[in-house]
Amino acid sequence: MCKKSILSILLLFILEFSFSQVGIATVTPEATLDVRAKNHTTTPGTVDPGDGILVPRVNSLSVNGTVNGQLVYLIANSGSFNRGFHYWNGISWTPVSGISDGDAWAVTGEDLTSSIARTGSVGIGNASPNAYAKLDVSSVNQGVLIPRVNLTSNTLDLNSDGDGSVANQPTGLIIYNNGSTYSQGLYFWNGTEWRRFDNSSLTPPALTTLICSNAVLEPQSYTSGVPYVGNMKIPYTGGNGGAYSPGATITVNGLQFVLRAGTLNFGSGELIFSVTGTPTVSSPTATTINIEGASGNNLVPFLTAAQSCTVVVGNSSNAEIKEVAFAGPLTITTAAASGRDGYHFVGTTPDGKFSVRVFVPTGLDLQSNSNLQLKYNGSVSDPATLDIIHNCTYMWGGGATASSNQVRYPKNQWAGYNGDASVLVNAVAQTTVNNPTWFDPGVYAAGIPEYRYYNWAPADPSDKTFYQLEFMMAHVNPIPVAINATVCPAGTCNQVKVFFKIRQIKAL
């Protein structure tokens, strides 16, 4: 038979099949192309190592496809493409990932590093999500973007379900407010209202009284032509806990004043204003600032017209006063912790630089052995000793005083010095056997409780801080009482009560 005849027969065979169904391993195909597994028999069976269909395998998808639906298998990760099946969608190569249900994860820029199971944990940027987390996101240069919403009301319904009601808005919902009604930032729904992430309410801020006469500028002085950076603080009473945003910027004598955003205390507190600029005058020439609300210069937007006031700063040497008070029983302490076994009560200055205590060694009586001591709390970088100047007044029916002009205290040890001295002297440090005293020993005189009043300051003239201490200890019958585990069961002497009030005065 000639070659022409054979070619004609093959063409007829192909044309016949082109309008039919094709079966591989079956004579009864059920689709345009029906490929049966080796173990198919009448119903699908177990897989055979030789089963399957091989589509074209490639090592790069750097060339565009030609026909929509063109299918290839990428044998290894290449560029931004991951190993696997890809098809040409007419614009780009698309991974075959089963995303038809609309519930897929879009992955761009780097490999998918873990499986995403809807009933398990999800890791983004890491291969092993933490077992405690449903979502574990890792990155060194990226963040997480949550929905940005214009929060116009503290009871705003996001209305995702279209019902216009907050009744079914889920507790714990988080948004970022990018509107102007409230300060921008993260908010959460607590089931009743939107709250800031510090759990403060969106209640409009309000206070009872702004005490402008007690305003403080720090640093307190300025020089004409020299750039200034500082803060102004104005105390208030009757704060309602509402948060507030900065108001308008006011310029006086070349200095710009603007309220720092914050949250009012419930009760007393202080408003803090940023102060910057190059002053046109020098202290003690005063700078006068009108503090007004929205009806005036809007420096403090939430002030009422009746609360407007005037602040004068820069014309005096102001100081900041902080007070703390402590009251309670003596409690047990050890030599390892504080130099000697015994019982004590401790208070610390607001800046943490000094601690004071009354101390009684174990087994000794309250009458003669309750001594006050001082400790200089130094950091690793602080000097090993600190010189202070101090004075004490103690009263018990009469009274006495003592003072020392320069006493050297060791770092981080309880110590004391008793007596008058006009020259440098060293404080006595606590050991396992002694009982140093900060001025007169024994805080009882013939069974009568003393009232102690101390003043001290670092000898360094550059340290502008002064400290004051008020003290008293009370027990109904201190003379026969020896402090031990019987009197102080479980390490607490509940029959003894101690009072400290510490005032810290710092020049600004």
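Everything discussed here concerns the structure shown above.
Parameters and conventions
Residues numbered from 1 in each chain as written. Predicted model: local features only at pLDDT ≥ 70, side-chain atom pairs only at ≥ 80, totals over all residues. Heavy atoms only, no water. Disulfide = S-S within 2.5 Å. Buried < 20%, exposed > 50% of the residue type's maximum accessible area, 1.4 Å probe, protein only. Phe/Tyr/Trp six-rings, centres within 6.5 Å; stacked < 30°, edge-to-face > 60°. Pairing = 2+ DSSP bridges. Helix = DSSP H or I, 4+ residues; strand = E, 2+ residues; numbered from the N terminus. Core = buried A, V, L, I, M, F, W, Y, C linked by side-chain atoms within 4.5 Å. Contact = heavy atoms within 4.5 Å. Salt bridge = Lys/Arg side-chain N within 4 Å of Asp/Glu carboxyl O. Polar contact = N/O pair within 3.5 Å; in protein donor to acceptor, adjacent residues only side chain to side chain.

Chemist: Whenever I open this one, the state of the cysteines confuses me. Can you help?
Modeler: Under the criterion given, the structure shown has 2 disulfides. Covalent S-S linkage joins Cys 488 and Cys 493, the inter-sulfur distance amounting to 1.9 Å. Measuring handedness by torsion sign, the sulfur bridge of Cys 488 and Cys 493 sits at about 95° and is right-handed. Here Cys 488 falls in the buried class, since its relative accessible area comes to 1%. Shown here for the chain is a disulfide pattern of 1-2, 3-4, where each number marks a bonded cysteine counted in sequence order.

Chemist: Looking at this structure, how should I read the packing of aromatic side chains?
Modeler: Each aromatic ring pair is specified by the distance between its two centres and by the angle formed by the two planes. With the rule as written, the count across this model stands at 14 aromatic pairs. Between Phe 188 and Phe 197 the ring centres are 6.2 Å apart and the planes differ by 70°, which places this aromatic pair in the edge-to-face class. Given a relative accessible area of 46%, Phe 197 falls into the partly exposed group. Ring geometry for Phe 354 against Tyr 467: centres 5.1 Å apart, planes inclined by 70°, an arrangement best described as edge-to-face.

Chemist: Hey, could you run me through the sheet that holds strand S26 (residues 371-376) in this one?
Modeler: Pairing between sheet strands relies on hydrogen bonds along the backbone, with the strands arranged either parallel or antiparallel. Taken in spatial order, the 12 strands line up as S30-S28-S27-S34-S35-S36-S23-S24-S25-S26-S29-S31 in an open sheet, and their pairing is mixed. Where the open sheet ends on each side, the last strands, each with one partner, are strand S30 (421-426) and strand S31 (428-429). Relative to S30, strand S28 (residues 400-410) runs parallel, the two being bridged by 4 bridges. If you follow Gln 406 over to S30, its bridge partner there is Leu 424.

Chemist: Sorry, what's going on with the pairing of strand S36 (residues 492-507) here?
Modeler: Two faces, one strand: in a regular strand the side chains alternate between the faces of the sheet. Two strands pair when backbone bridges link them, and strand S23 (residues 319-333) and S36 are joined in this way by 12 bridges, in the antiparallel orientation. Directly across from Ala 319, in S36, lies its bridge partner Ala 507. Of the strand pairs in this sheet, strand S35 (residues 465-474) and S36 are connected by 10 bridges, and their pairing is antiparallel. Residue Leu 469 lies in a different strand from S36, and its bridge partner there is Ile 502.

Chemist: Looking at this structure, how should I read the nonpolar core?
Modeler: Burial of nonpolar side chains together is a common tendency in soluble globular proteins. Leu 330, Trp 438, Trp 456, Met 473, Ile 483 and Val 498 are the most contacted members of the largest nonpolar core, which has 42 residues in total. Top element by residues in this core is S36. It accounts for 5 residues. Beyond its immediate sequence surroundings of up to four residues, Val 498 is in contact with Phe 326, Ala 327, Gly 328, Leu 330, Phe 345, Val 358, Phe 471, Met 472 and Met 473. The next biggest cluster of nonpolar side chains, apart from the first, holds 30 residues, and it includes Leu 210, Ile 234, Leu 255 and Ile 291.

Chemist: Explain the pattern of salt bridges to me, please; I cannot follow it from the model alone.
Modeler: It is possible for side chains bearing opposite charge to pair when their charged atoms get close. Under the definition given, this model contains 12 salt bridges. Across the salt bridge formed by Arg 452 and Glu 450, the nearest N and O atoms sit 2.6 Å from each other. Overall, the relative accessible area of 0% leaves Arg 452 in the buried class. Residues joined by salt bridges that share partners form a network here, namely Glu 218, Lys 233, Glu 270 and Glu 320.

Chemist: Whenever I open this one, the side chain of Asn 177 confuses me. Can you help?
Modeler: Locating Asn 177 in the fold gives a position in strand S10 (residues 174-177). A polar contact of 3.0 Å, which involves the side chain of Asn 177, links it to the backbone nitrogen of Gly 179. Within the structure, Asn 177 has its side chain in polar contact with the backbone oxygen of Tyr 182 (distance 3.1 Å). In contact with Asn 177, other than residues within four places in its own chain, are Val 149, Asn 150, Leu 151, Tyr 182, Ser 183, Gln 184, Gly 185 and Tyr 187.

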